Amino acid sequence: MNLFHQYVNVDGTLNDTLVRDREILYTGTNGRHVERFYVSSSESYIFKPLTNDDQKGHERWVYEQVLPALPPIYPQLLAWSDADADDGGEWMVFEDLGPLHHVHADKTLLEAVGLVARWHALPLDYFVGMPLRGPKPLIQEMVSELYTRKPDVLKLCSSLGLSKQQMQRMYVQLEHVSFSHQLVLSHGDLHPGNYALSGERLKVLDWEHAHLNTPLWDVYHLIDMSHPLFPRHMTSELRIRMLDSYLEQLELLGIKVDRTAFVQEYGMFAVVFSLWMLLLITSDLQRIETELHRNSNKWSKEQLESQLDETLACLNQCTAMMDWGQVQPCKQWL
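Residues numbered from 1 in each chain as written. Predicted model: local features only at pLDDT ≥ 70, side-chain atom pairs only at ≥ 80, totals over all residues. Heavy atoms only, no water.

A. Summary view of the sheet that holds strand S3 (residues 43-49). Here we have five strands laid out as an open sheet, ordered S1-S2-S3-S5-S4, and antiparallel in their pairing. Two strands close off the open sheet at either side, each with one partner strand: strand S1 (21-27) and strand S4 (77-80). Neighbouring strand axes in the sheet, compared pairwise and without regard to direction, differ in orientation by 25° on average. Of the strand pairs in this sheet, S3 and strand S5 (residues 91-95) are connected by five bridges, and their pairing is antiparallel. Bridge pairing links Tyr 45 to Glu 95 in S5. (Pairing = 2+ DSSP bridges. Helix = DSSP H or I, 4+ residues; strand = E, 2+ residues; numbered from the N terminus. Axes fitted to C-alpha atoms, helices over the stretch in contact; angles between N-to-C directions.)

Spelled out as C-alpha cells, the structure:
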C-alpha cells in the first residue's frame, strides 16, 4: 500500500486522525472538495476526489497513458484509490506546488501557447482510447445551437450594442461555416485558472477533461476563454502575437500550417464560442436575479458581469480577424 493511503479513509474522505489541517481549494460539480492537507507544519499535499461523476477514472488514465509524453509541466500524481473504488470513493493525491500565481502577462501567455503547440504536435498514436469530446458541446453543436436560437442571439446582441448588420452578416457566415476536422490532444479546459506559475515554472493543471479535439479548442481557451474568478485583458495585438507564436512553434516541430487560413478560422471559431458563452453567462445572470438562486449561484453578479464584458470584447475583436466571405478551414497539417 502506498504510504499516502493512510491519509485517506476507505470511503474516500481524508483521515482527520492523521491530517493536521486542511484547506478547501475548490468544489467540484458533484459537491466534493479539492483540498490542501497538511501532515506536518511543513509537509502538505493536494487531495482530489472525483469532482465530476462523468469523469470516473479518466484523469488517472491521462496521467498514466498521456502525460508521460510531455515535459513535467503538471503536478505529479503521488497516489490514487484502488481501481475498484465506487463512484463515491475515487480519489487522487498530488504534490503540492505551493502558492500558484495566475499571471496573464504577455511573457507567460506566450510561453503557455508554446506548450500547447508541443502537445498538439504529438502523434495521435500516443492517445488510442482518448474520448472525442469534453464536458462542453463541440464547436459544430454550438453553431447549431446559435442557429436554432437565432431570435435569442439577435435580441441579446442588440442589447449588448452589436449592430443588426453585423449580426446578419455573421448569420450568413454561420450557414456555410466549416471547421477543420484535424484532431490533436486537447487539455479540454485550459481556462485562465488552469495554468499558473509555481515559482518560476509554468504548470498546467486539471487534466481530467483531456480528449481529442480541433487545435482551436485549446488555443481559444488559452487566449480568449473568460472566467469569473480570473479576469484578464486581451488585446488584438497580443492575440495575433500568440497565434503567430503557436504557428512558429508548430513549424519548429515539423508542422506547417497556412497562417492566413488559420487566423481566419480562429476568428470564426472565437466568434461562435464567444456568442455561445454570452448566452450562457446571460442565463446565469438571469438566474442570479431570482430569489430562488440568489444564494446558491456559484459566481456573484459582479463576477459574471465582468466575464460578460470580457467575452463581448473578444467577440468584437475577433470579428475583425475573419473575412466575411467563406472561411476556408485549415487543411490537414503537413
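Don't stop here, the text continues.
B. Local environment of the pairing of strand S8 (residues 201-204). As paired strands, strand S7 (residues 195-198) and S8 are joined by four bridges and run antiparallel to one another. Across the sheet, residue Ala 196 finds its bridge partner in S8, namely Lys 203. Counted along the chain from S7 to the antiparallel partner S8, the turn is two residues long, and its residue Gly 199 has a positive phi close to 65°.

C. How the structure looks around the nonpolar core. Judged by nonpolar contacts, the single largest core of 88 residues is most densely connected at Trp 119, Trp 207, Tyr 266, Phe 273 and Leu 275. Among the elements that line this core, the one with the most residues is helix H8 (residues 259-288), at 17 residues. In this structure Trp 119 touches Leu 70, Ile 73, Leu 185, Ser 186, His 187, Leu 190, Val 204, Trp 207 and Asp 218, once residues within four positions along its chain are discounted. Residues Tyr 7, Val 19, Val 39 and Tyr 45 belong to the second largest nonpolar core, which totals 12 residues. (Core = buried A, V, L, I, M, F, W, Y, C linked by side-chain atoms within 4.5 Å. Buried < 20%, exposed > 50% of the residue type's maximum accessible area, 1.4 Å probe, protein only. Contact = heavy atoms within 4.5 Å.)

D. Looking closely at the packing of helix H6 (residues 215-223) against helix H7 (residues 236-252). Orientation of H6 relative to H7, taken along the N-to-C sense of each, is 140°, at an axis distance of 11 Å. Here the hand of the crossing between H6 and H7 comes out right-handed. Packed against H6, whose contacting residues are Pro 215, Val 219, Leu 222 and Ile 223, the element H7 presents Arg 239, Met 242, Leu 243 and Tyr 246 at the interface. (Left-handed = near helix turned anticlockwise from the far one by under 90°.)

E. The environment of Asn 15, seen in detail. The topology assignment puts Asn 15 in the segment before S1. The class of Asn 15 is buried, set by a relative accessible area of 13%. In this view, Asn 15 contacts Gln 6, Tyr 7, Val 8 and Asn 9; residues no more than four positions away in its chain are not counted. Only 3.2 Å separates the side chain of Asn 15 from the backbone oxygen of Gln 6, close enough to count as a polar contact. (Polar contact = N/O pair within 3.5 Å; in protein donor to acceptor, adjacent residues only side chain to side chain.)

F. Up close: the side chain of Glu 90. Structurally, the position occupied by Glu 90 is in the loop between S4 and S5. Classification of Glu 90 by relative accessible area gives buried; the value is 15%. In this structure the side chain of Glu 90 is engaged in a polar contact, spanning 2.9 Å, whose partner is the backbone nitrogen of Gly 57.

G. Broad picture of H7. In a regular helix each residue adds 1.5 Å, so 17 residues correspond to 24 Å; H7 covers 24 Å between its end C-alpha atoms and thus fits that length. Backbone geometry just downstream of H7 places Gly 254 in the positive-phi region, at approximately 90°. (Expected span 1.5 Å × (residues − 1).)

H. Quick peek at the pattern of salt bridges. Scanning the entire structure with this criterion turns up 20 salt bridges. Among the salt bridges present, the one from Asp 106 reaches Arg 241, with a minimum N-O distance of 3.3 Å. In this pair, Asp 106 is assigned in helix H2 (residues 106-120) and Arg 241 in helix H7, connecting sequence segments 135 residues apart. The partner of Asp 224 in a salt bridge is Arg 239, with the nearest N and O atoms 2.8 Å apart. Of this pair, Asp 224 sits in the loop between H6 and H7 while Arg 239 sits in helix H7, placing them 15 residues apart in sequence. Each member of the pair, Asp 224 together with Arg 239, is buried. Each of the salt bridges in this network shares a partner with another, and the network as a whole consists of Lys 48, Glu 59, Asp 206 and Glu 208. (Salt bridge = Lys/Arg side-chain N within 4 Å of Asp/Glu carboxyl O.)

I. Broad picture of the environment of Asp 82. Looking at the element boundaries, Asp 82 is found in the loop between S4 and S5. Taking the C-alpha atoms as reference, Asp 82 lies 24 Å from Leu 97; in sequence the two are 15 residues apart. Setting aside chain neighbours within four positions, we find Asp 82 in contact with His 5 and Arg 60.

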